[in-house]
Amino acid sequence: MKLFHLSDLHIGKKVNDYSMLDEQKYIFRQILEDIKREKPDAILISGDVYDKTTPPLEAVMLLDEFLNQLEIDGLSVFLISGNHDSPERLSFGAKRMEKSGLYIKSIFDGDLSPVTLTDEYGDVNFYSLPFIRISNVNHVFNTQFRDYSQAVSYVIKKANPDFSQRNVILSHQYVAGASFSESESSIGGIDSVSPEVYEGFDYTALGHVHKTQNIGSERLRYCGTPLKYSASETGQEKSYTVIELHEKTDPDKPCRMSIHTVPIIPLHEMIRVQGTFDELMRAPVNENDIVTEDLVYAELTDSDYVNNAAAHLRMIYPNLLSVSYSRNTKTSNLFSSLERTESRSRTPLEIFEEFYEKTHGGDRPDEMETEILKKAIREVWGEEAKGI
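Remember, predicted model here, so these are calculated numbers, not experimental data.

J.: Lay out the side chain of H268 with the relevant residues and their values.
T.: Along the chain, H268 falls in the loop between β16 (257-263) and β17 (270-275). Owing to a relative accessible area of 17%, H268 belongs among the buried residues under this scheme. Within the structure, the side chain of H268 is placed 2.8 Å from the side chain of E23, a separation counted as a polar contact. Residues contacting H268, with those up to four places away along its chain left out, are Y18, E23, E293, D294, L295 and N319.

Structure (structure tokens):
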């Protein structure tokens, strides 16, 4: 049985205010073309389908179009919710969709009853475990777990999987030992689940971590995001995972399995460029008078801040995502100076004004900019900002 493992689609995501919808449409078309060629039996989507609990209409329409095409191709699709999803929104119409082979498990109710598909070697049971917290388990089962691994292990054991058969589980959790990037927030620590929780499954299709990786074994795997979603992911090659489950010759051991990845080619690559402002502005341009259409994180090595650097760079790097500065002597001195200023108990407005002058060649903020600063200070400091 051939399976495609996808996760963390984050449909509707914006990276530094750049909408990734066109990028996502582009790679979905690729995946659909690969499906026609590879002819998998099922697609596994392991959570974080949307980027926000209230996705924009365009994101909902894109997912609908993608799932509709999978239905036309006659595929079974298993989809679980992640921590970015609204379980209630994602589960709309789920029961009705099961008739067409789309199995959505987004609301945790304690029921992990498997869906069984059959191939030439017999049955394969698919268990779908959406993102859960300890509080979800305690609420559903009236338990008092404090340990994440114990809670998730309890849920799986309640399902009583028959490990003499072939079994696959979808799960959206942080498994201890996984490495993650800056686009993933608030994962790890006490939220981690031990890899032993998934022992016995022939394949565990994990979601939640954006970097493609195995956890101890290729049977316990994060397929990663299909696109790069942060500067820390620029060096990664994005892909989806193809799994083929073969016969189970020993009921006490996992089935034979083969696995490979298929690279995903983005509409626009995401890269980092580094150099002084002048060096980046002098980079060779193409026939369209731009350096690149890639999504660009620019890091300037100038010792002083450059006024309107982003606006100028965007003329030849049209998909510029951000401009940052290397921490060098002058910028370090600037922050040190501001720290000393705070120690002299100057007002927040004076600190902001000093920062503005140092980063704008000695110019002071104009009347409108000063009013904006005052408003922001009043909102943050409240009563302490009286008189500003």
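J.: Which residues make up the nonpolar core, and what are the values?
T.: In this structure, I11, I31, I43, I45 and L70 are the most contacted members of the largest nonpolar core, which totals 41 residues. Taken together, the elements giving at least two residues each to this core come down to β1 (2-6), α1 (21-38), β4 (42-46), α2 (57-72), β5 (76-80), β6 (102-105), β15 (239-245) and β18 (295-300). Residues within four places of I31 in sequence aside, it is in contact with L6, F66, Y240 and I264.

J.: Account for the sheet that holds β17, naming residues and giving values.
T.: Overall, parallel pairing links the three strands, which are arranged β17-β18-β19 in an open sheet. Two strands bound the open sheet, and with one partner strand each, they are β17 and β19 (320-325). Between one strand axis and the next, the sheet turns by 20° as a mean value, whatever way the strands run. Here β18 pairs with β19 via five bridges, running parallel.

What counts, and at which threshold
- Residues numbered from 1 in each chain as written.
- Predicted model: local features only at pLDDT ≥ 70, side-chain atom pairs only at ≥ 80, totals over all residues.
- Heavy atoms only, no water.
- Helix = DSSP H or I, 4+ residues; strand = E, 2+ residues; numbered from the N terminus.
- Buried < 20%, exposed > 50% of the residue type's maximum accessible area, 1.4 Å probe, protein only.
- Polar contact = N/O pair within 3.5 Å; in protein donor to acceptor, adjacent residues only side chain to side chain.
- Contact = heavy atoms within 4.5 Å.
- Core = buried A, V, L, I, M, F, W, Y, C linked by side-chain atoms within 4.5 Å.
- Pairing = 2+ DSSP bridges.
- Axes fitted to C-alpha atoms, helices over the stretch in contact; angles between N-to-C directions.

From the geometry alone we can't say anything about function, so treat these as descriptive.
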